[in-house]
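The lines below spell out each chain.
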Amino acid sequence: MNNGSTSGELADRLRTLLSRLSPGDRLPSSRDLIKEYRVGPATVARAIAALAAEGAVVTRPGSGTYVAQRARPHGGATAPDTAWQTVALTDRAVDTHLVADPLGPPPAGTITMDGGYAHRSLQPTRVLSAALARAARRPDAWDRAPAGGLMALRTVFAQVVGGSVAPEDVLVTAGGQSALSIAFRAIAGPGSPVLVESPTYPRALAAARAAGLRPVPVPLDADGLRPDLLADAFAMTGARLLYCQPTYQNPTGAVLAPERRGQVLDVARASGAFVIEDDFARHLGHGGPVPRPLVADDSDGTVVYVTSLTKPAAPSLRIGALVARGPVMERMRAVRLVDDFFVTRPLQEAALEVLSSPSWDRHVRSLGAALRERCAVLTAAVTRELPGAALAAPPPTGGLHQWVRLPPGVDDTVLTSAARQRGVAVSAGSRCFATEPSAAHLRIGFAATADLAELTEGVRRLGAALADLGPGRE
């Protein structure tokens, strides 16, 4: 060969070489190939790239090029062998079982009762569409947004939180999950413990573990987190961070009792710890008064507050906020800049339009009435169709879920799989525990079905799945 030879010709010569090698063998270095075949570096690079695209070789930066474990025939369609990634990825930081459905996407026709969003009929889609259209017509719509968020939107979030919270204390985020991820990484270092309610929101557990933190469970009851056990947990673990949901807790629906609110903050302050208050359900009350956020009564920066518009509005309105005071806010702003600079401006403008419109308050009221009705229908259906199951007491006064304790001997993961076969999707309660669950539960959503009839039918199918398990129920 000579310098005029094409990369295709070199690739053909290298395929002949590969046929004499074994999977995992290292190819000669680029320098050796240049010397042996008398070609330029670019020709070698293009030939290796072609072989890699075929799956014949695997390139590992800093190490070299290797024969693939099961090289595909040239032009063939054999699936690539990615077994090498198991070694390269080492320890798993993201718990995929908590962020993805272990049973896979439900088939068409499945009644959805395992999600965290309201059905499209309960979303203010016309208001959202009009707001986004107006936002897109602004002359500065596609300009770079401030890293902390639009000042007008931060002002509205500060007003929603109340107390002495100022716009300067607000950081706009791409939804609540992004806010949790930012807070966990900014506040605690990898390997640190983080106290969590037991049970709790599964994706919060996933975000904490992805940040390298070790979730430590603290039990709750009908009045929310137990301050006595919280104090013990801080003392035993040396934790400097608590994650909790004081209002309409996911999955139980519990509301932190008034007398416990100050106790939780006092225990955290005595331990020199932060409290991440996840107020995801601020706009999901069922018509009654919604308790003030903990952060509204916090004067020394103990509470880092998280809220979001996604669940009361629509899944793709990925707008949330973090509220904090002191150096921790600077930390979180720094994480935001490293991650994505800022939240897209048109979406912030649309969120501002929605929150500033009288139609938003009307939507929140109508949504609350619909959720209250659905919760009552679900309660009646579970009592009727799931003999031996126990509902949360008292029933939730906000949120999107019912927490159901299963009869003795029932495995929640077995039941969720059987329910899927019957055409209804519900969440296994074991996903909500940081360690071993205290009992078998289901988290049943009442907001994602199309109407009350579908909600009732979903519970009927769930009851049939429970009956299918037979006497042993496993």
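Description of the structure in this document. (Residues numbered from 1 in each chain as written. Predicted model: local features only at pLDDT ≥ 70, side-chain atom pairs only at ≥ 80, totals over all residues. Heavy atoms only, no water.)

1. A few points about the overall build of the protein
At step 1: Scanning the protein from terminus to terminus reveals 16 helices and 16 strands.
At step 2: By its C-alpha atoms, the protein is 85 × 60 × 50 Å across when sized along the principal axes.
At step 3: Counting only residues that meet the buried cut, the protein has 51% of its 474 residues in that class.
At step 4: In the protein, the proportion of contacts linking residues at least 24 apart, taken out of those at least 6 apart, comes to 74%.
At step 5: Here the protein carries 50 positive and 44 negative side-chain charges, and the mean point of each set is 5 Å from the other. (Helix = DSSP H or I, 4+ residues; strand = E, 2+ residues; numbered from the N terminus. Buried < 20%, exposed > 50% of the residue type's maximum accessible area, 1.4 Å probe, protein only. Contact = heavy atoms within 4.5 Å. Lys, Arg positive; Asp, Glu negative; His and termini not counted. Charge placed at Lys NZ, Arg CZ, Asp CG, Glu CD.)

2. Topic: the sheet that holds strand S16 (residues 441-445)
At step 1: If you walk across this open sheet you meet the four strands as S12-S13-S16-S15, and the pairing is antiparallel. The sheet is open, and its two edges are formed by strand S12 (390-391) and strand S15 (427-428), each paired on a single side. (Pairing = 2+ DSSP bridges.)

3. Quick notes on the packing of aromatic side chains
At step 1: According to the stated counting rule, one finds two aromatic pairs in the structure shown.
At step 2: Here Phe-184 and Tyr-243 contribute two aromatic rings whose centre-to-centre distance is 6.0 Å and whose plane-to-plane angle is 55°, an arrangement assigned as tilted. With a gap of 59 residues between them, Phe-184 in helix H8 (residues 176-187) and Tyr-243 in strand S8 (residues 241-244) connect regions that are remote in the sequence. Like Phe-184, the residue Tyr-243 is buried in the burial classification.
At step 3: Ring geometry for Trp-403 versus Phe-433: centroids 6.2 Å apart, planes at 45°, classification tilted. Here Trp-403, found in strand S13 (residues 401-405), pairs with Phe-433, found in the loop between S15 and S16; they are 30 residues apart in sequence, far enough to count as distant. Take Trp-403 and Phe-433: they sit in the same class, and that class is buried. (Phe/Tyr/Trp six-rings, centres within 6.5 Å; stacked < 30°, edge-to-face > 60°.)

4. Observations regarding the state of the cysteines
At step 1: Using the criterion set out here, one finds zero disulfides in the structure.
At step 2: Just so you know, Cys-244 is unpaired, no disulfide at all, and the nearest cysteine sulfur is the one on Cys-432, 16 Å from it.
At step 3: Relative accessible area serves as the criterion here: at 2%, Cys-244 is assigned to the buried category.
At step 4: With no disulfide of its own, Cys-375 has Cys-432 as its nearest cysteine by sulfur position, at a separation of 16 Å.
At step 5: With relative accessibility at 4%, the residue Cys-375 sits in the buried group. (Disulfide = S-S within 2.5 Å.)

5. Some details on the pattern of salt bridges
At step 1: For the structure on display, the rule yields 22 salt bridges.
At step 2: Asp-339 serves as the salt-bridge partner of Arg-185, at 2.4 Å between the closest nitrogen and oxygen. You can see Arg-185 sitting in helix H8 and its partner Asp-339 sitting in helix H12 (residues 327-339), a full 154 residues away along the chain.
At step 3: Residue Arg-185 is classed as partly exposed on the basis of its relative accessible area, which comes to 36%.
At step 4: The partly exposed category is assigned to Asp-339, whose relative accessible area is 40%.
At step 5: Via salt bridges that share partners, Arg-138, Asp-140, Arg-345 and Glu-349 belong to a single interconnected network. (Salt bridge = Lys/Arg side-chain N within 4 Å of Asp/Glu carboxyl O.)

6. Re the environment of Ala-434
At step 1: Tracing the chain through its elements places Ala-434 in the loop between S15 and S16.
At step 2: A relative accessible area of 15% places Ala-434 in the buried class.
At step 3: The residues contacting Ala-434, other than those within four sequence positions of it, are Val-196, Leu-205, Arg-209, Pro-215 and Pro-217.

7. A closer look at the packing of helix H6 (residues 125-136) against helix H13 (residues 345-355)
At step 1: For the pair H6 and H13, the least separation of the axes is 8 Å and the interaxial angle reads 125°. One finds that H6 runs oblique with respect to H13. In the crossing of H6 with H13, the sense of the turn from one axis to the other is right-handed. Of the residues in H13, those in contact with Val-127, Leu-128, Ala-131, Leu-132, Arg-134 and Ala-135 of H6 are Pro-346, Glu-349, Ala-350, Glu-353 and Val-354.
At step 2: Taken together, the residues that form the contact of H6 with H13 break down as eight nonpolar, no polar and three charged. (Axes fitted to C-alpha atoms, helices over the stretch in contact; angles between N-to-C directions. Parallel < 35°, antiparallel > 145°, perpendicular 65-115°, else oblique. Left-handed = near helix turned anticlockwise from the far one by under 90°. Nonpolar A, V, L, I, M, F, W, Y, C, P; charged D, E, K, R; others polar.)

8. Considerations on the side chain of Thr-110
At step 1: By the element assignment, Thr-110 lies in the loop between helix H5 (96-99) and strand S3 (111-112).
At step 2: Leaving out residues up to four positions away in the same chain, Thr-110 has contacts with Arg-420, Gly-423, Val-424 and Ala-425.

9. A word on the pairing of strand S5 (residues 193-198)
At step 1: The element S5 is extensively covered by neighbouring structure, given that six of its six residues are classed as buried.
At step 2: Here S5 runs beside strand S6 (residues 214-221); their pairing, made up of six bridges, is parallel. Counterpart to Leu-195 in the pairing with S6 is Val-216.
At step 3: After leaving S5, the chain enters helix H9 (residues 202-210) and then returns to the sheet as S6, a path that is right-handed.
At step 4: One ladder, built from two bridges, connects S5 with S8; its direction is parallel. Residue pairing in the sheet places Leu-195 in a bridge with Leu-242 of S8. (Right-handed = clockwise from strand over helix to strand, strands pointing away.)

10. Things to note about the nonpolar core
At step 1: Grouped together as the largest cluster of nonpolar side chains are 48 residues, with contacts concentrated most on Leu-153, Leu-195, Leu-230, Phe-234, Leu-242 and Ile-319.
At step 2: Among the elements that make up this core, the one with the highest residue count is H13 (six residues).
At step 3: Contact partners of Phe-234, with chain neighbours within four places excluded, come to Leu-195, Ala-239, Leu-241, Leu-242, Val-267, Ala-268, Ser-271 and Ala-273.
At step 4: Judged by nonpolar contacts, the second largest core, of 35 residues, contains Cys-375, Ile-444, Leu-466 and Leu-469. (Core = buried A, V, L, I, M, F, W, Y, C linked by side-chain atoms within 4.5 Å.)

11. Some points on the environment of Ala-393
At step 1: Relative to the assigned elements, Ala-393 resides in the loop between S12 and S13.
At step 2: Exposure remark for Ala-393: the relative accessible area of 61% places this residue in the exposed category.

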